[in-house]
Amino acid sequence: MNATSAPPPNEALIRIRGLRTVLNGKTIFDGVDLDIPRGGVTAIMGPSGTGKTTLMRHITGQLPPDAGEIVVDGVDVVRASREQLFALREKIGYLFQNSALLTDFTVFENVAFPLRQQLRLPEELVRNIVLTKLQAVGLRGAAELMPSELSGGMMRRVALARAIVRDPMLIIYDEPFVGLDPIALNQILKLIRTLNQTLGITSILVAHELAAVRQVADRIHLVAAGKIAAAGAPEELSRGDSPWTRQFFAGEADGPVPFHYPAPDYAAELGLSGGGA
Amino acid sequence: MNAAHRAFAPLAAGLAQIGACGRFLLHVLGAVPRSLRYLRETVRQVFFVGAMSLVIIMTCGMFVGAVLGLQLYDVLSRFGSAAMSGTVVALALYRELGPVVTALLFAGRAGTSITAEVGLMRATDQLDAMEMMAVDPLAYVIAPRFLAGVIAMPLLACIFNALAILGAHLVAVSWLGLDNGTFWSNMTASVDLWTDVVNGVWKSVAFGAVVTLIATFQGYTTPPTSEGVAYATTRTVVFSSIVVLALDFVMTAFLM
Amino acid sequence: MAQRQSFQIGTGLFIVLGFAALTYLATQTTSIANYRQGPSYTLKARFTNIGQLKLRAPVKLAGVRVGTVSAIELEPDKLDALVTLTIDRRFDKIPDDSAAAVFTSGLLGDQYVALQPGGSTEPFKDGDEVVLTQSSMQLEELIGKYLVGQGDGGKNGEKPAPKPDGK
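Residues numbered from 1 in each chain as written. Chains lettered and ligands numbered in written order. Predicted model: local features only at pLDDT ≥ 70, side-chain atom pairs only at ≥ 80, totals over all residues.

**As for the domain arrangement of chain C**
The test is simple: Domain delimitation follows an automatic or database domain assignment.
Parsing chain C into structural domains produces domain 1 (2-30) and domain 2 (39-148). The C-alpha-based centres of domain 1 of chain C and domain 2 of chain C are spaced at 42 Å.

The structure is reproduced here in structure tokens:
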């Protein structure tokens, strides 16, 4: 499952052009162009509800966009057949926001799941691979526990072990820091850094915790109002003068992302605008 | 115009739901061949939906049989035909009560647990996670449950019937004093293997398919919230009961 | 692994139990139960009218089931119903002058063949014919006779109709 042959190394791993998505009558993306190069950690940041997770679901082909082109490792995700998509997904590790461990399997079986379903490996080998990955996330001792016996941080580490069990070329971390205490958060950060540096896995990090992201990300793309509002290295971006970045990085309550949900005129709704209807 | 629109909206929503369920059935049937590689999962599900329902099925079977024995003995003795009690109990069970009551109990016991389980898998992204691990959740999660329902329901109905006959025998023979030989010989004289027993088995196969289809559909399409799962579970019981009874009428009309 | 094993055992037990129940229902409570016979021998009996007698109806002696009706044919030249009775081998001491009659269980119940033992010392052998037979009593005929003739005596050599007083 090593990175596959074809495209030249300098070409972007993921290429998105003119992405447009409308969900439940709400425009999520309107003309997103995005290139994610091989290697390194690319962070996708943005206010809650801007469709960062939706973007990831587009990349993995779980949700077809309304328009646009998405090419991942030479595969046209939008037009790919189910088999092609499955072949692509075998090379992608995905860490879900809420870990998504299978509740009726032990930690060991959860990590072994992708191996057992796709490949017919001897039990001995499965055992070795799974224990190696569990060791990497520091949970080899928890192999026989059920997911319900783990804390949130441990569950996320198990999910991470599961995501890397087949040595993917790309890992997508969907909000890996949400709801973690500082210790668990740093453990995850350390793992992301280690996986990226030692295994050379391309990583996409979807998050909105700036302090944490800054420690690992090589590039940041800021998604806002259905577009890529800004992109660049973390230092560049925090110095940048786009109103989006300024609001987001300074955490201002009001700005291009409005404090108020769209509403009719306040005075008019209270019936105070003298001139009548 | 607006009022008419509002009046028809639930109807349209209901039709859309039926259409979606039909499409889901096609997808599930399409996934059945692919699910054969997860045979072990199907075996596990037969255990959960079948073996775990045994206690309720056996207890209820016993009581339904006992009450049938009691009622029919009483009613039939008014016509001097108490000897036919066993026959009527057996016919009522094999043709109607066995498949239908088992299906209703199954919807309450196994259907709800399937909906809740699949709904929770949806709510906690487990189904998406499988998609991402290149495992088709329809083949791995849904089809094995569907198959398990189709396999388990007729077996449960047979067990229900056997226990009910036992219950009826207990009441009519041991308690009310009907002659043991009369009970059995009248039954064997008029119950036919094909038109009574086997047709009942067909019915319960169909009910097994319908109940598990509704249960998995409700779970699979549930909104990923805790209320979503709760409502879906309720809907499973309500829709299963209605569809089972309606289908029972249709199948009876065709099988007669 | 142990867990997985136990599921398989449980499922296996459940399926065995289910099929056992089905087999029980199919063989013990349906007419299949009447097919299942050990060694047996057959007798023939001619009736002028068998009424509602059906295939697989029981053959009883003194109220006890001793066999089944295994075939019903019409004899083309004599225009009689030729009924084949399959009798359980255990009952091999039925006198060969016994009579057969088509009776009804209860007022409206199913019909069956009743054997009334005679006094001969020779038992029936396989393929023998039961010479003394009594046809089915048709309720309509009885009522008709009662209304028209009242104690007129039977015309086809049958016993006078019992009083149709209900039971």
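Right, picking up where we left off after that structure.
**Some remarks on the sheet that holds strand S2 (residues 58-61) of chain C**
Residue and element names in this part refer to chain C. Note the following rule: Here, strands pair whenever DSSP counts at least two bridges between them. To qualify as a helix, a DSSP run of H or I must reach at least 4 residues; to qualify as a strand, a run of E must reach at least 2; elements of each kind are numbered from the N terminus.
The mixed open sheet is built from 8 strands, whose spatial order is S7-S1-S4-S3-S2-S6-S5-S8. Edge positions in the sheet fall to strand S7 (129-130) and strand S8 (132-134), since each has one partner strand and no second. Summarising the sheet, strand S5 (residues 99-104) and S8 pair through 3 bridges and their orientation is parallel. If you follow Ala101 over to S8, its bridge partner there is Gln134.

**Notes on the packing of helix H4 (residues 85-123) of chain B against helix H7 (residues 180-190) of chain B**
Residues and elements named next belong to chain B. As a reminder, the rule being used: The convention used is that axes are lines fitted to C-alpha atoms, helices contributing only their stretch in contact, and that angles between N-to-C directions extend from 0 to 180 degrees. Oblique is the label for any angle not under 35 degrees, not over 145, and not in the 65 to 115 range, which are roughly parallel, roughly antiparallel and roughly perpendicular in turn. A crossing counts as left-handed when the near helix is turned anticlockwise from the far one by less than a right angle, and as right-handed when that turn is clockwise. For the purpose of contact definition, each residue receives a C-beta atom placed from its backbone, and two residues are in contact when these atoms lie within 7 Å. The residue classification treats Ala, Val, Leu, Ile, Met, Phe, Trp, Tyr, Cys and Pro as nonpolar and Asp, Glu, Lys and Arg as charged. All others, Gly included, are polar.
Running from N to C, H4 and H7 cross one another at 50°; their axes reach a closest spacing of 7 Å. By the angle class used here, H4 and H7 are oblique. Handedness of the crossing formed by H4 with H7: right-handed. Contact residues: Ser85, Gly86, Thr87 and Ala90 in H4; Phe183, Trp184, Asn186, Met187 and Ser190 in H7. In the contact of H4 with H7, the residues fall into 4 nonpolar, 5 polar and no charged.

**Notes on helix H3 (residues 107-118) of chain A**
Quick reminder of the rule: Counting other C-beta atoms within 10 Å of each residue's C-beta, where C-beta atoms are placed from the backbone, gives the exposure class: buried for 20 or more, exposed for 12 or fewer, partly exposed between.
Those residues of H3(A) that fall on the buried side of the exposure criterion are A:Val107, A:Phe108, A:Asn110, A:Val111, A:Ala112, A:Phe113 and A:Pro114. For H3(A), the elements touching its buried residues are helix H4 (123-136) and helix H5 (152-163) of chain A.

**Notes on the interface of chain B and chain A**
Of the residues lining the interface, 10 residues belong to chain B; the matching set on chain A comes to 14 residues. Residue composition of the side of chain B that touches chain A, grouped by class: 5 nonpolar, 2 polar and 3 charged.

**Structural notes on the pairing of strand S4 (residues 67-72) of chain A**
All names here are of chain A. Sheet topology note: the strand S1 (residues 14-23)/S4 ladder contains 5 bridges and is antiparallel. Paired with Arg20 across the strands is Ala67, a residue of S4. Two strands pair when backbone bridges link them, and S4 and strand S5 (residues 75-76) are joined in this way by 2 bridges, in the antiparallel orientation. Directly across from Val71, in S5, lies its bridge partner Asp76. Once S4 ends, the chain turns through 2 residues before running back antiparallel as S5, passing Asp73 with a positive phi of about 50°.

**Notes on the sheet that holds strand S2 (residues 26-36) of chain A**
Residue and element names in this part refer to chain A. Spatially, the 4 strands line up as an open sheet ordered S2-S1-S4-S5, and their pairing is antiparallel. Each of the sheet's edge strands pairs with one partner strand only, and the pair in question is S2 and S5. The pairing of S1 with S2 spans 8 bridges and is antiparallel. Following the sheet pairing, Val22 is matched in S2 by Thr27.

**Here's the deal with the pairing of strand S8 (residues 202-206) of chain A**
Residues and elements named next belong to chain A. Heads up, the condition is: Handedness of a crossover is defined as follows: with both strands directed away from the viewer, a clockwise route from the first strand across the helix to the second makes it right-handed.
Counted residue by residue, S8 has 5 buried out of 5 residues, so it is predominantly covered. Both faces of S8 are covered, namely the face carrying Thr202, Ile204 and Val206 and the face carrying Ser203 and Leu205. Where strand S3 (residues 41-45) meets S8, 4 bridges bridge the pair, whose relative direction is parallel. Note on S8: the bridge partner recorded for Val41 is Ser203. Sheet analysis places strand S7 (residues 170-174) next to S8, joined by 5 bridges and oriented parallel. Paired with Leu170 across the strands is Thr202, a residue of S8. One crossover worth recording links S7 to the parallel S8 by way of helix H6 (residues 182-199), and it is right-handed.

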